[in-house]
Amino acid sequence: MDDQTAHRPGFARMALLAAFLLALVHQYLFYGKMPGISYPIFVSLFYTFIFYFAKERMRKQTWFSYVWTGSIGLLSLTYALFGNWFFFVLNFLVIPVLILLHMTYMFSYRKPAWSGFGLIWAALEHLFPQSLRNWGTALKLMRRGKGTIPNERKQVLMRVLIGLLISVPLLLVVTSLLSTADGVFNRLLSTLPDYFYNISLGDWIFRALWILLLGLGMFGFVWGFVHSKSYIRTAPASEFDAMAGKLEAAEAGDDGIGIDDPVIITTVLAAINVVYMLFVSVQFSYLFGAWEGILPKDSTYADYARSGFFELILVTSINFAILLLSLLAVRKAGGNLKRAIQLLLYILVLCSMVMLYSAYSRLTLYEEAYGYTYIRFLVHAFMIFLGLLLILAVVRISRESFPLLKCYIVLGLLSYVLMNYIGMDHIIAKQNIQRYAASGTLDAPYLTELSSDVVPKLIEFSQREKGILDEELRSRLSERARPVQNWPSFNLANYREWRALEDYFADGAVH
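An account of the accompanying structure is given in this report. Since the model is a prediction, treat every value here as computed from it, not as a measurement.

Looking now at the packing of aromatic side chains. Counted by the stated rule, this structure contains 34 aromatic pairs. Both rings, one in Phe51 and one in Phe107, keep their centres 5.3 Å apart while their planes meet at 85 degrees; by these two values the pair is edge-to-face. Of this pair, Phe51 sits in helix α3 (residues 38–53) while Phe107 sits in helix α5 (residues 85–107), and the two are 56 residues apart along the sequence. Exposure remark for Phe51: the relative accessible area of 22% places this residue in the partly exposed category. Within the aromatic cluster, the residues linked to one another by ring pairs are Phe30, Tyr39, Phe42, Phe46, Tyr47, Phe51, Tyr79, Trp85, Phe88, Phe107, Phe221 and Phe225. Just above the ring of Tyr28 sits the side chain of Lys33; from NZ or CZ to the centre is 5.1 Å. Cation over ring: Lys55 sits above Tyr52, and NZ or CZ is 4.0 Å from the ring centre.

Now for the environment of Asn134. Among the structural elements, Asn134 can be located in the loop between α6 (118–133) and α7 (135–144). On the accessibility criterion, Asn134 (0% relative accessible area) is buried. The spatial distance from the C-alpha of Asn134 to the C-alpha of His227 is 8.8 Å, given a sequence separation of 93 residues.

Direction vectors running N to C along α5 and α6 enclose 95 degrees, while the axes themselves pass 9 Å from each other. Compared by their axis directions, α5 and α6 come out roughly perpendicular. In contact with Leu100, Leu101, Thr104 and Tyr105 of α5, α6 contributes Leu119, Ile120, Ala122, Ala123 and Leu127. Classifying every residue of the contact of α5 with α6 by side-chain character gives 8 nonpolar, 1 polar and no charged.

Right, let's talk about a nonpolar patch on the surface for a bit. A cluster of nonpolar residues, Phe117, Ile120, Trp121, Leu124, Leu127, Phe128, Leu132 and Leu405, forms a patch on the protein surface that exposes about 830 Å² of accessible area. Per element, the largest residue contribution to the nonpolar patch is 6 residues, and it comes from α6. Tracing the backbone shows Leu132 in helix α6. For Leu132, a relative accessible area of 48% corresponds to the partly exposed category.

Now for the environment of Val268. Here Val268 shows up in helix α12 (residues 262–287). Distance in space between the C-alpha atoms of Val268 and Leu344 is 9.8 Å, their sequence separation being 76 residues.

Another point: unusual backbone geometry. Although it is not a glycine, Lys111 sits at a positive phi angle of roughly 50 degrees. Even without being glycine, Lys466 reaches a positive phi, approximately 60 degrees. In this structure, Lys466 sits in the loop between α20 (455–464) and α21 (470–479). The exposure class of Lys466 is exposed, given its relative accessible area of 69%.

Our focus in this paragraph is the packing of helix α4 (residues 63–81) against helix α17 (residues 404–421). Between α4 and α17, whose axes approach to 10 Å, the crossing angle comes to 20 degrees. One finds that α4 runs roughly parallel with respect to α17. Seen along the crossing, α4 lies across α17 with a hand that is left-handed. Listed contacts from α17 to Trp63, Phe64, Val67, Trp68, Ser71, Leu74, Leu75, Leu77, Thr78 and Leu81 of α4 are Ile409, Val410, Leu413, Leu414, Tyr416, Val417, Asn420 and Tyr421.

Under the 1.5 Å per step criterion, the end-to-end length of α17 is 26 Å for 18 residues, consistent within 8% with the ideal 26 Å. Listed in full, the buried residues belonging to α17 are Leu404, Tyr408, Val410, Leu411, Leu413, Ser415, Tyr416, Val417, Met419 and Asn420. Just past α17, the residue Gly423 takes up positive phi, approximately 85 degrees.

To continue, consider the side chain of Asn91. In this structure, Asn91 sits in helix α5. Judged by its relative accessible area of 1%, Asn91 falls in the buried class. A polar side-chain atom of Asn91 sits 3.3 Å from a polar atom in the side chain of Thr78. Excluding residues that lie within four positions of it along the chain, Asn91 makes contacts with Tyr39, Leu75, Thr78, Tyr79, Pro96, Tyr416 and Asn420.

Turning next to α5. If you check α5, its first and last C-alpha atoms are 33 Å apart, about what 23 residues at 1.5 Å a residue would give, namely 33 Å. By the largest-angle criterion, Asn91 marks the main kink of α5, which is about 35 degrees. Two or three places before Phe86, at the opening of α5, Asn84 has a side-chain oxygen 3.0 Å from that residue's backbone nitrogen.

About the criteria used
Residues numbered from 1 in each chain as written. Predicted model: local features only at pLDDT ≥ 70, side-chain atom pairs only at ≥ 80, totals over all residues. Heavy atoms only, no water. Phe/Tyr/Trp six-rings, centres within 6.5 Å; stacked < 30°, edge-to-face > 60°. Helix = DSSP H or I, 4+ residues; strand = E, 2+ residues; numbered from the N terminus. Buried < 20%, exposed > 50% of the residue type's maximum accessible area, 1.4 Å probe, protein only. Lys NZ or Arg CZ within 6 Å of the ring centre and 35° of its normal. Axes fitted to C-alpha atoms, helices over the stretch in contact; angles between N-to-C directions. Parallel < 35°, antiparallel > 145°, perpendicular 65-115°, else oblique. Contact = heavy atoms within 4.5 Å. Nonpolar A, V, L, I, M, F, W, Y, C, P; charged D, E, K, R; others polar. Patch = residues over 30% accessible without salt bridge, like charges linked within 9 Å, V, L, I, M, F, W, Y side chains within 5 Å. Areas by Shrake-Rupley, 256 points an atom, 1.4 Å probe, with all protein chains shown as cover. Salt bridge = Lys/Arg side-chain N within 4 Å of Asp/Glu carboxyl O. Left-handed = near helix turned anticlockwise from the far one by under 90°. Expected span 1.5 Å × (residues − 1). Polar contact = N/O pair within 3.5 Å; in protein donor to acceptor, adjacent residues only side chain to side chain. Bend = angle between axes of the 7 residues up to and from the residue.

So far we have only geometry, and geometry alone does not tell us how the molecule works.
Pasting the structure below:
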């Protein structure tokens, strides 16, 4: 057995027992049930479990660690608050990854930086070799638990067994009397045989395996932090010497020609900026005139909006990659060459922003012609996000000490949380309703396929427009089962949807 486990067998057994109890809770909350309020509850319990048993390995909290924890908490709450299926599925992948990275940052022996790629490798190392290694520790603990029992414990166990034997006939008499005295209690007892009857032997076996494997997994996960083993290979002196020589050569400028060579980057930037400036000069005549009816010859609003949209997004994304690569060349350059690269980068960012605005305006025109959807909303959001990344890159061009990667990580995390809480369905419904008021065109089937978050707004709109959505809403009600058959799956948006539809049609929604 591991040394630390041998020195603290009681604490290790306690961690193992807590892991199996947590696995039992997980099985109860999620087996055969949709995630709902159960998700934030389990995340809270899991954090409590890790922070308690691995507290001695915890590093000092930083401001970003608090942001990280708050983001995970807010994302887990979406399962209880909202009904958007896009984020329901996406968060199912994102939240566990964020938790793994956060736990690795807080408890790993490597002490990785939260803004470095080393965090990813440390997380993978912990998830596989560190965690799986401690499954054997768990099995050893369970085998030791089956050893010789002291006489005092035998006496206690014997007394407990005698007490249980005495309790069985007493419980039969008491429950019989209580069920006769109270009808509600009698009905509750009568449902218990049905509950056990409905659970098959195969179901019990699967539940047991669920608890066993998940319990071992969670113990291995936490004990991998408590008693970690270093997998870092020590390089021979010759390798270090070779690396040191390469670094010295790089600093002296003798590391050969690379893709981030200042002269190469300057040439590339100059060439593409000439094309971009020509393109932007042509775009300006349409970019700000499309709203006033000034379009390319033989083009409609829909044709103009659709043409070249994705190409512009792709070119802007390529420009962003070129920009990041060019920032590496700025450090190598000096004097006039450095200032030339910075000027070319400013021109690149300006042209990219114009292209981004052109794509944004085209998509807006397209939405006015064909309506608002999930994909179009998400593309809008991506363009805004890309614009913010470009703005941060502008700061980095002039200030080499600016922590660009850290800002990108923080911006990305907060932007994702914001997208979960911004109310995407509400915005799409609102824009489509405003489009109907302006043009009289409404895609009723798509509108009523939005998530449960927006159903109360749709009912209000249908009431105001003399039942324009009543048929689709009635069909939606018939397809929806009554929510919250079990409390772990409770979701506020689904509950509000069902109640609103029930009340609306119960009042006789005939207009």
